[in-house]
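So you can see what is in the structure, the chains are spelled out below.
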Amino acid sequence: MLSLFPENDFSLIAVILGMPLLGAFVNGVWGKRLGKPAVKLMALSAVGVSFVAALWAFGALWEAVSHNREEHVTLSWKAWEWMHTTGDSWIPRDRGFDNVSVPIEVKFSIDALNGVMMLIVTGVGFLIHLYSTSYMADDEGFARFFSYLNLFIFSMLVLILGDNLPVLFVGWEGVGLCSYLLIGFWYENGANAAAGKKAFIANRIGDFGLICAMFLLVHYTGALDWNGIANGADGLLHPIEPLRVHVWPFGGGQFTGFLSFLQPRHLITVSAATAVGLALLLGCTGKSAQIPLYVWLPDAMAGPTPVSALIHAATMVTAGVYLVCRLSFIFVLSPFVMMTIAIIGALTALFAASIALVQNDIKKVLAYSTVSQLGFMFLGVGVGAFAAGFFHVFTHAFFKACLFLGAGSVIHAMHARIHDDVKAQDIRNMGGLRKWMPLTHMTFAAATAAIIGFPLTSGFFSKDEILYRAFVDYTVNPDDGKGYMAHYRSFHPPTWIGPTLYFIAVIAAAMTAFYMCRLYFLTFWGDFRGWTVGRPSLLAREELAASHSSRSAHDAHAAGADDAHDHGHHEEDLSQPGYAPHESPWQMTVPLIVLAAFSLFSGILEPGFGLTFEPMEHWLEPVFRAATEGAVLYDYGHDKVWADHLIPPLALGGIGAFLVGTGLAWWMYVMNKGAPARQLAAALPWLHETLLNKWYVDEIYQEGPIAMVDSLAETSAVVDRNIVDGILAKLTALLVSAFGTILRATQTGVVHAYGALMAIGLAAVVWFVGQAHANATVTDAGNDDYLVTAAPGVGYGYRWDADGDGKPDKPNFGDDSKLKLHVEPGKTMTVNLEVRNAFGFVKSTAIKVARPSAPMSSL
């Protein structure tokens, strides 16, 4: 394979990227004219060929890795050079800033990390495309839907295969655009359009952080490509003043005048590594729906169900986790950022799980489940277990895609009886569907077993490894105690962080088992509760009977009937509207079967529990070697032997969470038919309402930040209308008119009047030049020294009072226009300067030279 496509010119990447883009273009431009069969063929062929090419590329990568297992092998392809950017950047070898040129290339690469992601995106994406050909068969926007779906796959591939941050950002924005288009696909419904806008705006907030991170990386590393950033990462750690980012005051300046009270006693700074890490984290929380920017993802279910599967499982929401893994060597440079990632992940997992406990919409339960599972992934990478966190991305892609597509199959069947979108998705109207939908039931059960951590399923292995690593691992600065860091106080996570994160994650895992089993039992067990939902009146029953007799075969198939006469014209109880629930077509069940199989058995790639058979971790080890060597350690004062002894007792936490959550759901919804849940909701109505209303976070955002933005917009409109237009514009016009009237009076054409004006102007210039001007500038000379430089002038003499006692240091004026001062941190000195010009005029001024206290932050 490598003989056909060399490692440094692996042009097969163009096929992987180009086919989905071609499908999006063809279906977007000519889809309506081509017809649905051609649209279907184009969409499936585009993603299918991309998947085959991805398999080929992965085989080539495997071959290259097999020849050099210790190195980080990369297959790359450069399309063209995009641009060059220049700017001041820290050059460690020179210990100073210098002007550098940063090339930005449209370049793509495949390594062990994004090679796996590439297979997930194209493989799972193809199954979702196949599923959609049946699910969206009757939709008027069929061609538009598949154009968007192909474009989504292309954007995600650009994101994961990009060899630098600017190219990744193009894909990053691309998936944001596609999410907006697909979530609001049925834009005729205002709620759907609002959900699309919500996703778009929430992601723009995170994108601001990613843009800031790119600027900082150029400034401190002089590069934006992965290798260049890694080579220049030393510039992010130096504790000297030029290499730290000023948090307050912004830019390290001083407040003067009435703002001087804001001046801190100690200058607040963070390391460049912390600043970059926090900026990147903001972008990741937006894209991967973590606190506080998670609010868009539950509303993403407003789009068609295959869209939910694509966004929630295989593409967009994993982008943030992927970026943390890709730049893991940057994140580990700041233990504070790593701890923040882990805390955000654990809290998100718990918070979202609590909301999912009481939701009744089948897709909404799965949506909050996605937010919670993403929290587990962030917890894993936040404690430095990058392979474990990424492995959960891998397993989650299968079982969450299976769950969402299974939910779509259920909704498809429910619409045969209930022609109301809200009621058709309400699990309280379901039940007993395993009798009518055996394939959907078995695949949904398999995926549920995986997500709740049923022993030996994929989710059991990936989630329990994260729980274990959360307890035993923590991150330190890899240069801590070395070189220039030997005398610098660096941040260390507190000892209680690991156990606390572990117990939070165990509680979240128990909640996951409960709400997923609740969803499963209410959907597939018991008796079907949808028979009498929307029971029609007598007149409606007569109309229903007439419609049954004339229903076409196509309509009968859409309702799940095998034959129009079999289910439409035989003796039917007309008190029960519509047809019985039905199994979905093969285009929908085949993807479910494939995904269910991977949900059950893909855990074999990383079984954990101290076993030496860890193919996924070994495969990813070269990617994460730079991040894990010297940065991720076992808990304070312990070693690997101690950690290995904790594997069995810590495994009990995950298993116990599974047993408690599953057992409680069985007792509550199977044995007692939901009675305990109803009693608990009646006993604690405030808690039930709070969880049902998602802790009122949307309402808080609406009344807080959104209301402030609205008020600011309204205020700005009033200012623009009444002040800018009403006063400033009109006043300016009036002044121009008035001055024009005055100046017209001076334009008399009389020469001696012009001469008089010239004489007056010349006299004003001579007077100004004849005055002495005592101006000075203060510059930092390093080593606590400052240089005060007086402004030059013709015939100027200078006299300084360095100690500010009111008496000049020298009795006579001299030519020395510079004064060097030594100012201790936290001190302020006042210098008096007198300037005499050639005409004997003297001007004096007082100059304050203040040095802030030494930085106290060590983040």
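Look above for the structure.
Now for a quick tour of the structure. (Residues numbered from 1 in each chain as written. Predicted model: local features only at pLDDT ≥ 70, side-chain atom pairs only at ≥ 80, totals over all residues. Heavy atoms only, no water.)

### Digging into unusual backbone geometry
Line of reasoning, step 1. With an omega of 10°, the peptide bond running from Ile291 to Pro292 counts as cis.
Line of reasoning, step 2. Along the chain, the position of Pro292 falls in the loop between α8 (272–287) and α9 (296–299).
Line of reasoning, step 3. The backbone of Lys673 sits at a positive phi, close to 55°, despite the residue not being glycine.
Line of reasoning, step 4. Along the polypeptide, Lys673 turns up in the loop between α27 (647–671) and α28 (675–683).
Line of reasoning, step 5. Phi angles above zero are rare outside glycine, and Trp695 is one such case at about 60°.
Line of reasoning, step 6. Within the element layout of this structure, Trp695 appears in the loop between α29 (685–692) and α30 (697–746). (Helix = DSSP H or I, 4+ residues; strand = E, 2+ residues; numbered from the N terminus.)

### Topic: the pattern of salt bridges
Line of reasoning, step 1. A full pass over the atoms with the stated rule returns 13 salt bridges.
Line of reasoning, step 2. A salt bridge links Glu173 to Arg204; the shortest N-O distance between them is 3.5 Å. Of this pair, Glu173 sits in helix α5 (residues 165–183) while Arg204 is found in helix α6 (residues 190–221), placing the two residues 31 residues apart along the sequence.
Line of reasoning, step 3. Classification of Glu173 as partly exposed rests on a relative accessible area of 25%.
Line of reasoning, step 4. The exposure class of Arg204 is partly exposed, given its relative accessible area of 22%.
Line of reasoning, step 5. With its nearest N and O atoms 2.5 Å apart, the salt bridge here joins Asp207 to Arg204. One end of the pair, Asp207, and the other, Arg204, are both in helix α6, 3 residues apart, so they sit about a helical turn from each other.
Line of reasoning, step 6. A single network of salt bridges, built from pairs that share partners, joins Lys198, Asp299, Lys694 and Asp698. (Salt bridge = Lys/Arg side-chain N within 4 Å of Asp/Glu carboxyl O. Buried < 20%, exposed > 50% of the residue type's maximum accessible area, 1.4 Å probe, protein only.)

### Regarding the nonpolar core
Line of reasoning, step 1. Within the largest apolar cluster, 198 residues are counted, with the highest numbers of intra-cluster contacts made by Ile110, Ile160, Leu165 and Trp296.
Line of reasoning, step 2. At 19 residues, the largest contribution of residues to this core is made by helix α15 (residues 386–414).
Line of reasoning, step 3. Contact partners of Trp296, with chain neighbours within four places excluded, come to Ile183, Lys198, Ala199, Ala202, Asn203, Gly286, Lys287, Ala289, Ile311, Met316 and Val317. (Core = buried A, V, L, I, M, F, W, Y, C linked by side-chain atoms within 4.5 Å. Contact = heavy atoms within 4.5 Å.)

### What to know about helix α3 (residues 112–135)
Line of reasoning, step 1. Here α3 spans 34 Å end to end across 24 residues, near enough to the 34 Å set by a 1.5 Å rise per residue.
Line of reasoning, step 2. Regarding α3, its N-cap is Asp111, as a side-chain oxygen of that residue lies 3.2 Å from the backbone nitrogen of Leu113 further along. (Expected span 1.5 Å × (residues − 1). Polar contact = N/O pair within 3.5 Å; in protein donor to acceptor, adjacent residues only side chain to side chain.)

### Some details on the sheet that holds strand β12 (residues 842–850)
Line of reasoning, step 1. Taken together, the 3 strands give an open sheet; going across it, the order is β9-β11-β12, and neighbouring strands pair in antiparallel fashion. Strands at the two margins of the open sheet, each flanked by one partner only, are β9 (797–801) and β12. This sheet shows a mean twist of 25° between the axes of neighbouring strands, independent of strand direction.
Line of reasoning, step 2. Across 9 bridges, the pairing between strand β11 (residues 828–836) and β12 is antiparallel. Across the sheet, residue Thr828 finds its bridge partner in β12, namely Ala850. (Pairing = 2+ DSSP bridges. Axes fitted to C-alpha atoms, helices over the stretch in contact; angles between N-to-C directions.)

### What about the side chain of His396?
Line of reasoning, step 1. Inspection of the secondary structure assignment puts His396 in helix α15.
Line of reasoning, step 2. Given the relative accessible area of 0%, His396 is considered buried.
Line of reasoning, step 3. Every residue in contact with His396, bar those within four places of it in the chain, is listed here: His312, Ala313, Thr370, Gln373, Met377 and Ala401.

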